[in-house]
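Listed below, chain by chain, are the residues.
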Amino acid sequence: MAKTTTTYFCQNCGYQSSKWLGKCPECGEWNTFVEEVINRSDDKKHGIKKGEKKALSTPIHQITSEKEERIDTRNNELNRVLGGGLVRGSVVLIGGEPGIGKSTLLLQTALNMKGLRILYVSGEESQQQIKMRADRLGTKNENCFILNETFTTDIFLQIESVQPQILIIDSIQTLYTNTLDSSPGSISQIRETAGELMRLAKTTQIPVLLIGHITKDGNLAGPKVLEHMVDTVLQFEGDQHYGFRILRSVKNRFGSTSELGIFEMRSGGLREVSNPSEILLSQRDEAVSGVAIAAMVEGQRPMLIETQALVTNAAYGTPQRSSTGFDLRRMNMLLAILEKRSGFKLGTKDVFLNIAGGIRVDDPAIDLAVVAAILSSFEDIALSNKLCFAAEVGLSGEIRSVAHVESRILEAEKLGFEKIIISKYNLKGLALNRFKIEVVGVAKIEEMLTELFG
Ligand code: TYD
Ligand code: MG
């Protein structure tokens, strides 16, 4: 009789324990341990059975290096985030909140890759639902097969008969394997089914795209081990109320993690946005106070984005500080710098900050635009809408240089801006006569104030 073994898994990080624990020693979360039954068959034991091939070690210089072969996904934004296309035999995990468009993105990509056999396995929607979505997207691909299945053995049988060149799984949390007794979506099932798909990808060279759910605090649901196992982790994010969607690379064994893809969700599917500034700048003719444009860089791409601030007298004793799309702690730091170094009385003010378009920005070069937007709202003086900023602000109020300053200037010039304020330290080595746009270097916040308000 098979022995039943149970183990407790932390549902947050995948930590394994033989007994129940209140607090996970790995991630520190409380009450996350769940008992899971694991019935491993004997062939999983270590050691090599007769007839099985042993792996041999090879001196590194004798290993032939192969250039990884990439499949063009016919989607420039997705290609860019993947590092130039989908690598054969790689496993890509795409995470995102429910309803953000993960299924749409992958179905649309599958339909667009004409000439390639694709198997789209869905455990979430019926074939009819997927067909309806495909009709809505309006593209056809006779080589795209839809399978409604969650049991991995049956999926592997279908893979053998369909012989796909690309496999899509929607989603990893719905799959289950019979080597384990725990329910689909549990840590051990996710780990096991993902492991089976990994082996498939590595042995057959079929690239596998996995969709993964994320938890309410924004992490990929299921164990961190999933992120460790796969080659590439992409995060699909955006604000439900805006049409813009951003595909970020969080981990990529075959490319840079600083790349970014931008899409717009439309009634007929996702549209690639090749010129992001077009959506991130609001079209308005007259200048209003509290708005400043930052020339930021995401990945290798420069784009201009609008920062908006509202500074008002605090209605309650403790002033409110709120920020969307920008780190709140960093905004508080900038407010403290303005208060201490430049004497602005912001301590009794409510300050609200918003990055237009519903996107989240990490580039420190938008600091100066944030400061300018706050001061513009504080003074109620509008800044010219032909002016933009690109610099970091240091704790002593100094304006620090940033990377890729040339591409930022060129992007601003291309979009018709007339003046850009950067750090004085960025001016060195910059051939200013190359630019038609006026480039101003400042070293301190006071210098910027004179530039802005005279
Ligand atoms: P979906 O891909 O189902 O999200 P996920 O798989 O990440 O849960 O996306 C669903 C949302 O996208 C839904 O709210 C409707 C919207 N949508 C469009 O706006 N246009 C379209 O063409 C499609 C197919 C969906
Ligand atoms: Mg879905």
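Numbering of residues starts from 1 in each chain and follows the order in which that chain's sequence is written. To read the labels, note that chains go from A and ligands from 1, taken in the order they are written. The predicted origin of the model limits local features to residues at a pLDDT of at least 70 and limits the giving and counting of side-chain atom pairs to 80 or more, whereas totals for whole chains, interfaces and linings rest on all residues. With hydrogens and water stripped out, all remaining heavy atoms of the structure feed into the side-chain values.

Asker: With reference to specific residues and values, describe the overall build of the protein.
Answerer: Secondary structure elements follow DSSP: runs of H or I of four or more residues count as helices, runs of E of two or more count as strands, with numbering from the N terminus. Looking only at helices and strands, one finds eleven helices and 23 strands in the protein. To sort residues, take the accessible area from a 1.4 Å probe on protein chains only and compare it with the maximum for the residue type: under 20% means buried, over 50% means exposed, and anything in between is partly exposed. The 454 residues of the protein split such that 49% are buried. Any two residues having at least one pair of non-hydrogen atoms within 4.5 Å are treated as being in contact. A fraction of 66% describes how many contacts in the protein between residues 6 or more apart in sequence connect residues 24 or more apart. Accessible surface, the protein as shown: approximately 22,300 Å² in total, 50% of it carbon and sulfur. We score Asp and Glu as negative and Lys and Arg as positive, and we do not count His or the chain ends. The atom standing in for a charge is NZ when the residue is Lys, CZ when it is Arg, CG when it is Asp and CD when it is Glu. Each charge sign in the protein was given a centre, from 53 positive and 55 negative side chains, and these centres are 4 Å apart. Using the Shrake-Rupley algorithm and a 1.4 Å probe, accessible areas are obtained, with residue cover drawn only from the displayed protein chains.

Asker: An account of helix α5 (residues 187-204) is requested, with residue identities and associated values reported.
Answerer: With 18 residues, α5 extends 26 Å from end C-alpha to end C-alpha; this agrees with the ideal 26 Å at 1.5 Å per step. Counting buried positions along α5 yields 13 of 18 residues, so the element is predominantly enclosed. Given a helix with a known number of residues, its expected span is that number minus one, times 1.5 Å.

Asker: Help me get a handle on the site of ligand 1, residues and values and all.
Answerer: In the region of ligand 1, 15 residues are neighbours, and Gly 99, Ser 103, Thr 104, Arg 266 and Gly 269 sit closest. For this analysis, a polar contact is any N or O atom pair within 3.5 Å, provided that within protein one partner can donate a hydrogen and the other can accept it, and provided that sequence-adjacent residues contribute only side-chain to side-chain pairs. Here an oxygen atom of ligand 1 and a backbone polar atom of Gly 101 are 3.0 Å apart. Protein coverage of the free-state accessible area of ligand 1, which is 560 Å², stands at 75%. Elements represented by at least two residues in the shell around ligand 1 include exactly α2 (102-112), α3 (127-137) and β13 (260-266). A per-element tally of the shell around ligand 1 places α2 first, with three residues. Residues that form the shell around ligand 1 fall into these classes: three nonpolar, seven polar and five charged. Nearness is defined per residue: one heavy atom within 4 Å of the molecule or strand is enough. Charged residues are taken to be Asp, Glu, Lys and Arg, nonpolar residues to be Ala, Val, Leu, Ile, Met, Phe, Trp, Tyr, Cys and Pro, and polar residues to be all remaining types, Gly included.

Asker: Before we move on, can you summarise empty space enclosed by the protein with the specific residues and values?
Answerer: Put plainly, a pocket is an open set of points on a 1 Å grid over the protein atoms alone with protein on both sides within 12 Å along at least five of seven lines, a cavity is a set where a 1.4 Å probe fits but cannot get out, and a lining residue has an atom within 4 Å of a point. Grid points are joined across faces, edges and corners, and a volume is the space filled by probe spheres set on the points. All told, the structure shown has one cavity of 30 Å³ or more when counted by the stated rule. In this structure, the largest cavity spans a volume of roughly 30 Å³. Its residues assigned to classes, the lining of the largest cavity comprises five nonpolar, four polar and one charged.

Asker: With reference to specific residues and values, describe the nonpolar core.
Answerer: Side-chain atoms within 4.5 Å are what join buried Ala, Val, Leu, Ile, Met, Phe, Trp, Tyr and Cys residues into a set we call a nonpolar core. Ile 374, Phe 389, Ile 421 and Met 448 are the most contacted members of the largest nonpolar core, which has 49 residues in total. Of all the elements, helix α9 (residues 367-379) adds the most residues to this core, at eight residues. Domain start and end points were adopted from an automatic or database domain assignment. The residues that make up this core include at least three from each of domain 2 (71-274) and domain 3 (279-453). Those residues within four positions of Ile 374 in sequence are excluded, and the remaining contacts are Ala 309, Val 311, Leu 335, Leu 338, Leu 346 and Val 351.

Asker: Talk me through the pairing of strand β12 (residues 244-252); I want residue IDs and the actual numbers.
Answerer: Among the nine residues in β12, seven count as buried, and that is most of the element. Bridge count for strand β11 (residues 232-237) against β12 is six bridges, and the pairing is antiparallel. Looking at β12, one finds that Leu 234 is bridged to Ser 249. Only when DSSP finds a minimum of two bridges between them are two strands counted as paired. As paired elements, β12 and β13 share five bridges and run antiparallel to each other. Across the sheet, the residue bridging to Arg 245 is Phe 263, located in β13.

Asker: Describe the domain arrangement of the protein, with residues and values.
Answerer: Domain boundaries assigned for the protein yield domain 1 (3-40), domain 2 (71-274) and domain 3 (279-453). Each of domain 1 and domain 3 has a C-alpha centre, and these two points are 47 Å apart.

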